[in-house]
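Structural description and commentary
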Amino acid sequence: MKRAQLVTGLVLVSAVVITAIVAVFWTPFDPVRVVAGQRLLPPGWPHVLGTDGFGIDIASRLMVGARTILLVGIISVGVAAVVGVPLGMLAGQAGGWVDEVVMRVSDVVYAFPALLLAMLLAAIYGGSTATAMIAIGVATIPAFARVARAGTLQVMASDFVLAAKASGTSRWGVARRHVLPNIAPLIGVQASVGFAMAILAEAALSYLGLATPRPNPTWGNMLRDAQNFLFVAPLQALWPGLAIALAVLGFNLLGDGLRDYLDPRLREVP
Amino acid sequence: MSLLEVRDLRVSFGRRKIEAVRGVDFEIAEGQRLGVIGESGSGKTVTALALMGLLPDNATATGSVRLRGNEIIGAPEVALARLRGDAVSMVFQEPMTALDPTMRVGRQVAEVLRLHQGAESGPARDRVVSMLAEVGLTDPTRIADAYPHQLSGGQRQRVVLAMALINSPDLVVCDEPTTALDVTVQALVLQKLDEVLTASGAACLFISHDLAVVSQVCDRVLVMLDGEVVEAGTVAELFTDATHPYTRGLVATARLELTRPGQRLPTVEDFYAPEARLGERA
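Procedures and definitions
Residues numbered from 1 in each chain as written. Chains lettered and ligands numbered in written order. Predicted model: local features only at pLDDT ≥ 70, side-chain atom pairs only at ≥ 80, totals over all residues. Domains from an automatic or database assignment. Contact = placed C-beta atoms within 7 Å. Helix = DSSP H or I, 4+ residues; strand = E, 2+ residues; numbered from the N terminus. Nonpolar A, V, L, I, M, F, W, Y, C, P; charged D, E, K, R; others polar. Core = buried A, V, L, I, M, F, W, Y, C linked by C-beta atoms within 7 Å. Buried ≥ 20, exposed ≤ 12 C-beta atoms within 10 Å, placed from the backbone. Pairing = 2+ DSSP bridges.

**Notes on the domain arrangement of chain B**
Residue and element names in this part refer to chain B.
- Partitioning chain B into domains gives domain 1 (4-241) and domain 2 (242-282).
- A separation of 29 Å is found between the C-alpha centroids of domain 1 and domain 2.
- The interface of domain 1 with domain 2 comprises ten residues on the first partner and eight residues on the second.
- For the side of domain 1 that touches domain 2, the secondary structure elements donating two or more residues are helix 8 (211-217), strand 9 (220-225), strand 10 (228-234) and helix 9 (235-240).
- Its residues placed into classes, the side of domain 1 that touches domain 2 shows eight nonpolar, no polar and two charged.

Spelled out as structure tokens, the structure:
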């Protein structure tokens, strides 16, 4: 059962990754060039998923969208983890007022919706993939900080940390050699879940026109374009929607599966 | 000069300053083995943690603990880290939790060498493997590469023992090292501890609630009760002329061969009633 989860997650995620990599070098048709004579074609050949309102091949646009979504996921989760995890570990290990300050500031950021933050950034710097990545990243920092802090508190209370201290390990040594490896599975799970969240947030932002601007395709703005032709060509809305749903599901399943796999305590004795 | 000198050690917890250790004095000479006996909550473990400087943040310690002439109470963390693992090391009670589950056992034992001698991993590994063999683990090479969850309780406790002894400390603090083990494994671990201590000439503070175990390992014994030392002397003195009624009770319960069949077994309460203790405290 657990194994099936991990495998399904892996399959879905690698499908996204492979599509994105292929899209860097090759797409069946030009994903941005308008062809007026081929508007709203139904699925068939050579346009496997049909064409959109501008006569552009939907499959090609989906492939390029996968690229955007991966980039956004990696950068925003990266930003959130690189800032959030050390902060959480610091809070958990130092305790006292340091803990209070870090966690209250993180609560404030947490209370601020990612969408609002993105709108703010978009208003100042204009909507782009970069502002979306930064907004989603900053908004996810508290989630990482919380997970890291909770894990750190648990590890710090354990006998093996006491034993490590009794051998003369410094605070920094404890953090690096004992706390980090022990909370790594938690961080991995959070990263995977965070990735799924980032995909959803990016889709929402570009649906609202606050992230990647047209004509560059993303799943979010494809969904918006499809909305205009919902009664004429309902299938057009299905493809990006399905892509978003499957990608989010994939990263969530991967996260769950990874947690079980990464934990050496749950690994079977060879 | 003694290796370890403890003078009027007091440890209290929390804001209300509840005292867990109430004025303890003792010393340990080079190579000497001191047993500390007492029931749960008598302050044995807190005393041990205090002399490692490992008390939790909400604890306050006063008095003096001098190890090799270095004051431990109030010493900065950096100075303590230098002493820990080098001058003094500790064997923990619970072998299931005293090892980091994400680290291979060999690397974990080698940590002490890396920290205090800057040992390279190659030569350190050879010493780790020979130390694991010394504490009686068969197939030490395989065990060095294993994760803690792949080992049994007895194996893990011997790994913990190896970890505490590999850097030849002057003093080894053993906090009920055999309590979590079954009797046969307990005997084996005690025997190995005895062998390795004799070989290295290290002193030992051995905490236990089992008089039989302490008398097997130690030269001298302290009896602790409610945070105070009520009896101190050699193991032989303890059995022959204990002064405190609580100690006499302990000795009586340990010498079951003196009880005739059909007779009720002695309990500590026969000698030292809990009501008297409550009265004494109030």
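**Here we look at the nonpolar core**
- By size, the foremost hydrophobic cluster in this structure holds 156 residues, and its most contacted members are Ala162, Leu171, Leu205 and Phe206 of chain B.
- The residues touching alanine 162 of chain B, leaving out its near neighbours within four places in the chain, are Val109, Met131, Leu132 and Val135 of chain B.

**Details of the environment of tryptophan 97 of chain A**
All names here are of chain A.
- With respect to the element layout, tryptophan 97 can be found in helix 3 (residues 96-111).
- With 8 C-beta atoms packed within 10 Å, tryptophan 97 lands in the exposed category.
- For the pair tryptophan 97 and leucine 117, spaced 20 residues apart in the sequence, the C-alpha separation amounts to 28 Å.

**A short note on the pairing of strand 6 (residues 88-91) of chain B**
Residue and element names in this part refer to chain B.
- Alternating residues of strand 6 divide into Val88 and Met90 and Ser89 and Val91, and every residue in both groups is buried.
- Here four bridges tie strand 6 to strand 7 (residues 171-175), and the two strands are oriented parallel to one another. Across the sheet, residue valine 91 finds its bridge partner in strand 7, namely cysteine 174.

**Concerning the interface of chain B and chain A**
- Opposite the 27 residues of chain B that make contact, chain A presents 18 residues.
- Elements supplying a minimum of two residues to the side of chain B that touches chain A: helix 2 (77-83), strand 6 and helix 3 (105-117) of chain B.
- In terms of residue count, the dominant contributor to the side of chain B that touches chain A is helix 3 of chain B (four residues).
- Its residues assigned to classes, the side of chain B that touches chain A shows 13 nonpolar, seven polar and seven charged.

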